[in-house]
Amino acid sequence: MILAVASETVVRRTEQWFVRQGAPTMIEGYGFRSHVLPRMLPALTFVAVGSLAWLVLQQSAGLSRWVLLGAIVAAMVSAWILLSLFVRRMPNFSPRMTVLVLVVYAAIPVITPLIQSAIDVKFTAPDGDQETESVWVALIWFVVVFGAAFVATMLATTYGLGALLKAAMRHVIADLGNSVHLIGRALPPMLFVTLFLFFTGELWQAMNQLRWPRVSLVVLLFAAITVLAAAARLRDEIGRVEQDLRPEILTGACKGTPLSEVEITEPLPPKRLNGRQSRNLLVMLAIRQLVQAAVIGLALFAFFVILGLIVVTPAIATLWIGEPPVMSWLGVPSAMLRNATLFAAFGSMYFSVISMSDADHRRQFFAPVIEKVERTLEVRAVYLNVRERAGA
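Residues numbered from 1 in each chain as written. Predicted model: local features only at pLDDT ≥ 70, side-chain atom pairs only at ≥ 80, totals over all residues. Heavy atoms only, no water.

Enquirer: What exactly am I supposed to notice about the overall build of the protein chain here?
Expert: Within the protein chain, the secondary structure is distributed over 14 helices and 0 strands. Residues classed as buried in the protein chain amount to 45% of the 392 residues present. The contacts in the protein chain between residues at least 6 apart in sequence include a share of 80% that link residues at least 24 apart. Surface accessibility of the protein chain: about 20700 Å² in total, with carbon and sulfur atoms responsible for 68%. (Helix = DSSP H or I, 4+ residues; strand = E, 2+ residues; numbered from the N terminus. Buried < 20%, exposed > 50% of the residue type's maximum accessible area, 1.4 Å probe, protein only. Contact = heavy atoms within 4.5 Å. Areas by Shrake-Rupley, 256 points an atom, 1.4 Å probe, with all protein chains shown as cover.)

Enquirer: Please clarify how the environment of valine 219 should be interpreted in this entry.
Expert: You can see valine 219 is positioned in helix 9 (residues 212-242). With 123 residues separating them in the primary sequence, valine 219 and leucine 342 have C-alpha atoms 7.0 Å apart. Aside from chain neighbours lying at most four places away, what touches valine 219 is Thr341 and Ala345.

Enquirer: Just checking my understanding: could you explain the nonpolar core for this structure?
Expert: Side chains that are nonpolar tend, in soluble globular proteins, to be buried together. Core analysis: the biggest nonpolar cluster contains 47 residues, and Phe18, Leu259, Leu281, Val382 and Tyr383 have the highest contact counts within it. Elements supplying a minimum of two residues to this core: helix 1 (2-20), helix 2 (32-59), helix 4 (95-119), helix 5 (134-158), helix 6 (161-170), helix 10 (247-254), helix 11 (275-311) and helix 14 (359-390). The element best represented in this core is helix 14, accounting for 8 residues. Among all residues touching tyrosine 383, those that are not within four sequence positions of it are Val11, Thr14, Glu15, Phe18, Met26, Ile27, Glu28 and Leu259. Listed in part, the 20 residues of the second largest apolar core include Met207, Val332, Ala340 and Ala345. (Core = buried A, V, L, I, M, F, W, Y, C linked by side-chain atoms within 4.5 Å.)

Enquirer: Which parts of the structure should I look at to understand a nonpolar patch on the surface?
Expert: Where nonpolar side chains cluster on the molecular surface, the patch consists of Phe46, Val73, Val77, Trp80, Ile81, Leu82 and Leu85 and spans about 630 Å² of accessible area. The greatest single-element share of the nonpolar patch, amounting to 6 residues, is contributed by helix 3 (residues 63-87). Relative to the helices and strands, phenylalanine 46 is located in helix 2. Of the residues examined, phenylalanine 46 reaches a relative accessible area of 34% and is grouped as partly exposed. (Patch = residues over 30% accessible without salt bridge, like charges linked within 9 Å, V, L, I, M, F, W, Y side chains within 5 Å. Salt bridge = Lys/Arg side-chain N within 4 Å of Asp/Glu carboxyl O.)

Enquirer: What is the right way to look at the environment of cysteine 254 in this model?
Expert: Structurally, cysteine 254 is set in helix 10. Sequence separation between cysteine 254 and valine 382 is 128 residues, and the spatial gap between their C-alpha atoms is 8.2 Å. Here cysteine 254 is in contact with Leu259, Ser260, Val379 and Val382, once residues within four sequence places are set aside.

Enquirer: Looking at this model, I keep getting lost on the packing of helix 8 (residues 201-209) against helix 12 (residues 314-321). Mind explaining?
Expert: Look at helix 8 against helix 12: their axes get within 8 Å of each other, and the N-to-C directions meet at 90 degrees. The pairing of helix 8 with helix 12 is recorded here as roughly perpendicular in orientation. Facing Gly201, Trp204, Gln205 and Asn208 of helix 8, the residues of helix 12 in contact are Ala317, Trp320 and Ile321. (Axes fitted to C-alpha atoms, helices over the stretch in contact; angles between N-to-C directions. Parallel < 35°, antiparallel > 145°, perpendicular 65-115°, else oblique.)

Enquirer: Explain the side chain of threonine 157 here, please?
Expert: Counting through the fold element by element, threonine 157 comes out in helix 5. The class for threonine 157 is buried, based on a relative accessible area of 8%. Within the structure, the side chain of threonine 157 is placed 2.7 Å from the backbone oxygen of threonine 153, a separation counted as a polar contact. Excluding anything up to four places from it in sequence, threonine 157 contacts Pro24, Tyr30, Val36, Arg39 and Met40. (Polar contact = N/O pair within 3.5 Å; in protein donor to acceptor, adjacent residues only side chain to side chain.)

Enquirer: Can you help me understand the layout of surface pockets in this one?
Expert: The probe, sized like a water molecule, is rolled over the atoms to show the empty space still left. Its volume calculated, the second largest pocket comes out at about 270 Å³. Those elements that place two or more of their residues in the lining of the second largest pocket are helix 9, helix 11 and helix 13 (334-357). Tallying contributions element by element places helix 11 first for the lining of the second largest pocket, with 6 residues. Of the residues in the lining of the second largest pocket, the class split is 11 nonpolar, 4 polar and no charged. (1 Å grid on protein atoms, 1.4 Å probe; cavity = no way out; pocket = protein on both sides within 12 Å on 5 of 7 lines; lining within 4 Å. Points joined across faces, edges and corners; volume = space filled by probe spheres on them. Nonpolar A, V, L, I, M, F, W, Y, C, P; charged D, E, K, R; others polar.)

Enquirer: Can you walk me through the packing of aromatic side chains in this structure?
Expert: Here the distance between the centres and the angle between the planes together describe a pair of aromatic rings. This model, assessed by the stated rule, comprises 15 aromatic pairs. Note on phenylalanine 142 and phenylalanine 146: the rings are 6.2 Å apart at their centroids and 40 degrees apart in plane angle, and the pair reads as tilted. Pair noted here: phenylalanine 142 and phenylalanine 146 are both in helix 5, with a separation of 4 residues, about one helical turn. Under the relative-accessibility criterion, phenylalanine 142 is labelled buried at 3%. Overall, the relative accessible area of 4% leaves phenylalanine 146 in the buried class. The interplanar angle of 35 degrees and the centroid separation of 5.4 Å between the aromatic rings of phenylalanine 304 and phenylalanine 343 together place this pair among those described as tilted. Of this pair, phenylalanine 304 sits in helix 11 while phenylalanine 343 sits in helix 13, placing them 39 residues apart in sequence. (Phe/Tyr/Trp six-rings, centres within 6.5 Å; stacked < 30°, edge-to-face > 60°.)

So, in structure tokens, the structure goes:
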């Protein structure tokens, strides 16, 4: 009995460890009602209470307006903290509690504009319309915003995006150091392709007319290629990791986890991953790669901006474009900033692909990411074994 209780405690702590590592889907029996919705509660409450701030801004004036708004913000933060402490215990909602939470959340975007309409005859909708009929516009607006917030929170909670972003940000400083080394090696060959394109008049003409939303789409396209490349590599790595579950490997992986005291004397059988777990590992790898790529992109952006400030004078920019260039609020041609953004995005993608394929770059920049995935899978194998013995 003591061994069973101890094993159940270890299982519970290991599940919390998976959540902190950004791999909550590794928990056996992971589901919306049992794991996702309880952890969504702080964010959903934050959004719900935040709707009261909108009412305060619409109805109050003067100093009292900001006093009430400050009280609401304090209530939002307090609710977030208290519910976060509650969620850390990983509660399991009953079907009745699940329905109650969903119904209350769904009712708030409907009730809020109706309350505003009842208080103020001249209803002020989010779009600034003073017509009484604009209550329907506000109703639709609230439903869309609350629905989008729910979907975004559900996806972020399901795949542990918050924990993954925190872990990725902790490596930013180290990545900056690695980026200096990488740029010293990768920038010279890349300039054979990009340097001459940077001074192409046709490209400057296009960038002078191209607006930032379209430039953002190009950056997102490069990011999508990075994610696809990471997905292809991840499938190979997962297949290799699952076959290497020797006792010495598992013991080393469990150090520093709640499973560190578990004695492993024989290899464990490989455990198949379902689609959600594979996507979670893909998100883990993709976020890490995208953060690394963002560091490289910022460095390359700064390089091309400095190069443009030194070489491309306003007269040269006018000659290439055929007319005076559109100036940004920084006092430099917008075409130069867009060009720098384009080449920085391309360089980031180049870095990510090379770091996963080239042996030398892989060892320095991609191997640490794969090691985290390996450890997660190895800990999962031991966790499932302990959970089975505990009868959980």
